[in-house]
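# Fold and geometry: a report
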Amino acid sequence: MPVRRPLLAAALGAAALLCAAVAPACANPSELITVDPVGRIAPDGTVTLSGTYRCTGGTGPVFVSSSVSQGDARLRHGVGGGTARCDGAEHRWENSGEVTAGALKAGTARVEATLTELRPSGILLLPAFHAMTDQTVTLTQE
């Protein structure tokens, strides 16, 4: 389902404010997430993105999320998500998800990938960003 960029920016801005309020919960410079230069679109519209990540010190559940945009940068499509292991080692990630039929085609696209932890803080779970990247990839039709 597409997500409008202003809504996404507002959500990320709010999370950044929370992160600033809880400084130790923010990203460590040795942590990273990458996106492979090629993503795939299956005949049924399923998009698959992949890459690597490294994070440390996870005390709550950590998730790898990804989204893709093509053409109108304000329109992003969420592409799956999965859990991550924050043990300091480099790991592979792969997310797949269906997008609106015909919304994406083979060619250049922008992918955003994020490692986000939900850390316990009293009775709440607060987001802590371990790493984020935004890069150009090539989508290929299978």
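Look up a bit, the structure's there.
These numbers come from a predicted model, not from an experiment.

The secondary structure content of the chain amounts to one helix and nine strands. When the helices and strands of the chain are placed in sequence order, the string is β-α-β-β-β-β-β-β-β-β. By element, 61% of the accessible surface of the chain is carried by carbon and sulfur atoms, the whole surface being about 7,500 Å².

Considering all chains together, one arrives at five salt bridges under this definition. The salt bridge partner of Arg92 is Asp36, with a shortest N-O separation of 2.6 Å. Placement of the pair is Arg92 in strand β7 (residues 91–98) and Asp36 in the loop between β2 (32–33) and β3 (38–41), with a sequence separation of 56 residues. With a shortest N-O distance of 3.1 Å, Arg74 and Asp72 are connected by a salt bridge. Relative accessible area serves as the criterion here: at 31%, Asp72 is assigned to the partly exposed category.

Along strand β4 (residues 46–54), eight of the nine residues are buried, which leaves the element largely enclosed by surrounding structure. In this sheet, β4 lies alongside β2 in antiparallel orientation, the contact comprising two bridges. Bridged to Leu32 within β4 is Arg54. As paired elements, β3 and β4 share two bridges and run antiparallel to each other. Bridging from a neighbouring strand, Ile41 pairs with Val47 of β4. Counting the residues that bridge the hairpin from β3 to β4 gives four residues, and of these Gly45 lies at a positive phi of roughly 95 degrees. Here β4 runs beside β7; their pairing, made up of eight bridges, is antiparallel. Opposite Gly51, over in β7, you have Trp93 as the bridge partner.

All right, on to the nonpolar core then. Residues Ile33, Leu49, Tyr53, Val68, Trp93, Leu115 and Leu139 are the most contacted members of the largest nonpolar core, which totals 23 residues. Mapped by element, the contributors of at least two residues to this core are β4, β5 (62–69), β8 (107–121) and β9 (124–141). When residues in this core are grouped by element, the largest group, four residues, is from β8.

A few words on the pairing of strand β6 (residues 75–83). When β5 meets β6, the two strands line up antiparallel, connected through five bridges. Residue pairing in the sheet places Val68 in a bridge with His77 of β6. Hairpin remark: β5 followed by β6, antiparallel, with five residues in the connecting loop; positive phi at Gly71, about 80 degrees.

The rules behind these values
- Residues numbered from 1 in each chain as written.
- Predicted model: local features only at pLDDT ≥ 70, side-chain atom pairs only at ≥ 80, totals over all residues.
- Heavy atoms only, no water.
- Helix = DSSP H or I, 4+ residues; strand = E, 2+ residues; numbered from the N terminus.
- Areas by Shrake-Rupley, 256 points an atom, 1.4 Å probe, with all protein chains shown as cover.
- Salt bridge = Lys/Arg side-chain N within 4 Å of Asp/Glu carboxyl O.
- Buried < 20%, exposed > 50% of the residue type's maximum accessible area, 1.4 Å probe, protein only.
- Pairing = 2+ DSSP bridges.
- Core = buried A, V, L, I, M, F, W, Y, C linked by side-chain atoms within 4.5 Å.

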